[in-house]
Amino acid sequence: MPEELRSRQSRLERLKACKRRLEDEAAREAARQQARIEERKAQEQATGKKRRGRKPKAPDASVDPAAKANVTDPDSRIMKTRQGFGQGYNAQAVVTEDQLIVAAAVTQDANDVGQLHPMLQQAQANLRAAGVNKPIRAVVADAGYWSEANVKQAPAEGPELFLATSKEWKHRQAVKDAPPPRGRIPKGLSLRERMERKLRTRRGQAIYAKRSQTVEPVFGQIKTVRGADRFLRRGLAACDSEWKLLCLTHNLLKLWRRVRERSATLPFGCTEAGLA
């Protein structure tokens with residue numbers, strides 16, 4: 001067993017720490033739920049009409065009896081995946097149109113919504129450090145990153161946000177059911193309605209479609225092609241380092257393949273350095 005779990009007292013302390021964490025998480029979730037209720041109420045008052053969907057439940061700060069905390073890796077969290085729920089971390093990546101990763105991080109939060117602006121800031125900082133001083137012009141992300149707060153926090157100078165407001169199948173169905181909107185933006189639309197309208201325009205459809213050929217293939221290449229579908233280490237710091245190493249080697253493979261493909265098209269006797 002790990003050194004910190006070999007004695008009865010150390011195991012008891014670990015269990016107490018896990019209990020405190022569950023209590024803290026329940027309190028934070030109750031606060032977030034209250035914020036969602038207040039946001040919904042404010043929007044309904046501003047627009048004069050009720051929002052679609054179910055009303056948020058009243059906040060409850062009590063710990064769910066079914067809630068669990070991992071004793072061997074306290075930093076990890078239970079997260080929802082396509083295969084169900086599992087213990088793990090949330091791996092984030094910002095990817096260019098050329099499928100190069102320009103920012104990467106691992107978080108404990110299963111919700112992506114709070115990662116949008118920190119990841120974009122990190123991406124811009126990394127680009128400047130690499131000598132790329134051009135600003136990021138547009139950002140495409142799925143509904144996990146959508147919130148009115150994220151739109152409000154976006155700087156006026158950019159980048160422009162293209163965030164889905166609903167699940168992919170719902171987004172595709174909305175685009176299919178109605179023709180692209182034209183003309184001026186109607187007055188009185190909420191931030192969500194303005195974003196939905198933008199994504200249904202021809203420009204919005206073209207830009208959002210790039211998501212399926214940029215970030216989605218990157219995760220597929222790392223998880224499926226390279227077989228890196230789980231972390232081999234424990235702890236937030238260790239898994240963050242492991243994820244960054246995977247992203248670094250992904251970029252190296254991309255650059256190596258690009259150089260190899262370009263070299264294969266050169267005439268016999270010509271070198272890369274000899275090209276203008």
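Relevant structure appears above.
Just so you know, these numbers come straight off a predicted model, no measurement behind them.

(A) The pattern of salt bridges, seen in detail. Counting across every chain of the model gives 15 salt bridges. Glu 160 serves as the salt-bridge partner of Arg 203, at 2.6 Å between the closest nitrogen and oxygen. Of the two residues, Arg 203 sits in helix 6 (residues 202–208) while Glu 160 sits in strand 6 (residues 160–163), which places them 43 residues apart along the sequence. Since its relative accessible area comes to 46%, Arg 203 is described here as partly exposed. One network of salt bridges, in which partners are shared, links Asp 142, Glu 168, Arg 211 and Glu 216.

(B) Expanded view of the environment of Leu 189. In this structure, Leu 189 sits in the loop between helix 4 (168–177) and helix 5 (191–200). Sequence spacing of Leu 189 and Cys 18 is 171 residues, and the spatial spacing of their C-alpha atoms is 45 Å. Not counting the four nearest positions on each side in its chain, Leu 189 is found in contact with Arg 194 and Arg 197.

(C) Geometry of the packing of helix 7 (residues 215–225) against helix 8 (residues 236–264). Running from N to C, helix 7 and helix 8 point in directions that differ by 105°, and their axes come no closer than 11 Å. As the angle between them shows, helix 7 and helix 8 are arranged roughly perpendicular. Facing Val 218, Phe 219, Gln 221 and Ile 222 of helix 7, the residues of helix 8 in contact are Trp 243, His 250 and Lys 254. Tallied by class, residues from the contact of helix 7 with helix 8 come to 4 nonpolar, 2 polar and 1 charged.

(D) Spatial organisation of a nonpolar patch on the surface. Judged by side-chain polarity, Leu 245, Leu 248, Leu 252 and Leu 255 come together as a nonpolar surface patch covering roughly 380 Å² of accessible area. For Leu 255, the location among the structural elements is in helix 8. Judged by its relative accessible area of 42%, Leu 255 is partly exposed.

(E) Here's a closer look at the packing of aromatic side chains. Under the counting rule described, the total for this entry stands at 2 aromatic pairs. Ring geometry for Tyr 89 and Phe 231: centres 6.1 Å apart, planes at 75°, overall edge-to-face. On the criterion of sequence distance, the pair formed by Tyr 89 in the loop between strand 2 (84–88) and strand 3 (90–95) and Phe 231 in the loop between helix 7 and helix 8 is long-range, its members being 142 residues apart. With 5.7 Å between their ring centres and 25° between their planes, Phe 219 and Trp 243 make a pair best called stacked. On the criterion of sequence distance, the pair formed by Phe 219 in helix 7 and Trp 243 in helix 8 is long-range, its members being 24 residues apart. Since its relative accessible area comes to 22%, Phe 219 is described here as partly exposed. Taking the relative accessible area as the measure of exposure, Trp 243 reaches 5% and is therefore buried.

The rules behind each value
Residues numbered from 1 in each chain as written. Predicted model: local features only at pLDDT ≥ 70, side-chain atom pairs only at ≥ 80, totals over all residues. Heavy atoms only, no water. Salt bridge = Lys/Arg side-chain N within 4 Å of Asp/Glu carboxyl O. Helix = DSSP H or I, 4+ residues; strand = E, 2+ residues; numbered from the N terminus. Buried < 20%, exposed > 50% of the residue type's maximum accessible area, 1.4 Å probe, protein only. Contact = heavy atoms within 4.5 Å. Axes fitted to C-alpha atoms, helices over the stretch in contact; angles between N-to-C directions. Parallel < 35°, antiparallel > 145°, perpendicular 65-115°, else oblique. Nonpolar A, V, L, I, M, F, W, Y, C, P; charged D, E, K, R; others polar. Patch = residues over 30% accessible without salt bridge, like charges linked within 9 Å, V, L, I, M, F, W, Y side chains within 5 Å. Areas by Shrake-Rupley, 256 points an atom, 1.4 Å probe, with all protein chains shown as cover. Phe/Tyr/Trp six-rings, centres within 6.5 Å; stacked < 30°, edge-to-face > 60°.

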